Amino acid sequence: MKYSRQDFFAALVPGNFKGKEVTLSESIGDEELQIAKDNFRQAVNTLLRPGKWNDIAGGAKFSIRGDNKSEEVLYEKDFIRIDIPGPGPSNGDGYDWVVVEKIIDQSEDEEFPAVGLLLKASADPDSTNNQSAHFFAEGASSTIVIFRESNKIIAQYFGRNEEPNIHTDSIITNIRNTMVAAGAMLGLSEVQWSALLKGLLNK
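Now for a quick tour of the structure. As the structure is a prediction and not an experimental result, all values here were calculated from the model. (Residues numbered from 1 in each chain as written. Predicted model: local features only at pLDDT ≥ 70, side-chain atom pairs only at ≥ 80, totals over all residues. Heavy atoms only, no water.)

Observations concerning a nonpolar patch on the surface
So, step 1. The grouping of Ile-171, Ile-175 and Met-179 at the surface amounts to a nonpolar patch, some 350 Å² of accessible area in total.
So, step 2. In this fold, Met-179 is placed in helix α4 (residues 171–185). (Patch = residues over 30% accessible without salt bridge, like charges linked within 9 Å, V, L, I, M, F, W, Y side chains within 5 Å. Areas by Shrake-Rupley, 256 points an atom, 1.4 Å probe, with all protein chains shown as cover. Salt bridge = Lys/Arg side-chain N within 4 Å of Asp/Glu carboxyl O. Helix = DSSP H or I, 4+ residues; strand = E, 2+ residues; numbered from the N terminus.)

Laid out in structure tokens, this is it:
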């Protein structure tokens, strides 16, 4: 299915009904169209391989369900394991988890070349506990989009419905989630996501 620009974002960025809303954007331009196209393909290649995110964004470490191969490609319904420095949630075996809710790849489209990921806070896929194993509560989402407009490449991040996950079965985990979420909501996660966006566009 081919999306217009408006429909593309509508399909990937949820509305914000509770908690914090974050929108970040970075861009880069090139004098030659072919160079911009090559850089766009490189950015898409990195976006679809979370193992490569660790090389361009400091702080948290990302892997596809524990697979540390940087070349592993992401697909819909995959789970991304996030290793944040310090203690992790007990219901996530020490890790935060998100699920890939949706991927739209129309990177070869001539009118609106773009790729986007919709990630949502999720339970640990290897646990029988179905509570969100993430410092944000169920319903929180992160959308990452890269698109090209002629010689310009734009990378954007959309965080939606960001609220602390304080209703797990563990008091210690609830306290941990409160502290991590508070730091994120004060801007620490924005630093990480901004670094990722800039890294995706780095030649």
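Describing the side chain of Asn-177
So, step 1. On the secondary structure map, Asn-177 appears in helix α4.
So, step 2. At 2.9 Å, the side chain of Asn-177 and the backbone oxygen of Asn-165 are in polar contact.
So, step 3. In contact with Asn-177, other than residues within four places in its own chain, are Pro-89, His-134, Phe-135, Asn-165 and Thr-168. (Polar contact = N/O pair within 3.5 Å; in protein donor to acceptor, adjacent residues only side chain to side chain. Contact = heavy atoms within 4.5 Å.)

Here's the deal with the packing of aromatic side chains
So, step 1. Applying the stated criterion to the full structure yields 11 aromatic pairs.
So, step 2. Between Phe-9 and Phe-147, the ring centres sit 5.8 Å apart and the planes meet at 90 degrees, which makes this aromatic pair edge-to-face. With a gap of 138 residues between them, Phe-9 in helix α1 (residues 5–12) and Phe-147 in strand β6 (residues 141–149) connect regions that are remote in the sequence. Of the two residues, Phe-9 and Phe-147, both sit in the buried class.
So, step 3. Where Phe-9 meets Phe-158, the ring centres are 5.9 Å apart and the plane angle is 70 degrees; that geometry is what we call edge-to-face. (Phe/Tyr/Trp six-rings, centres within 6.5 Å; stacked < 30°, edge-to-face > 60°. Buried < 20%, exposed > 50% of the residue type's maximum accessible area, 1.4 Å probe, protein only.)

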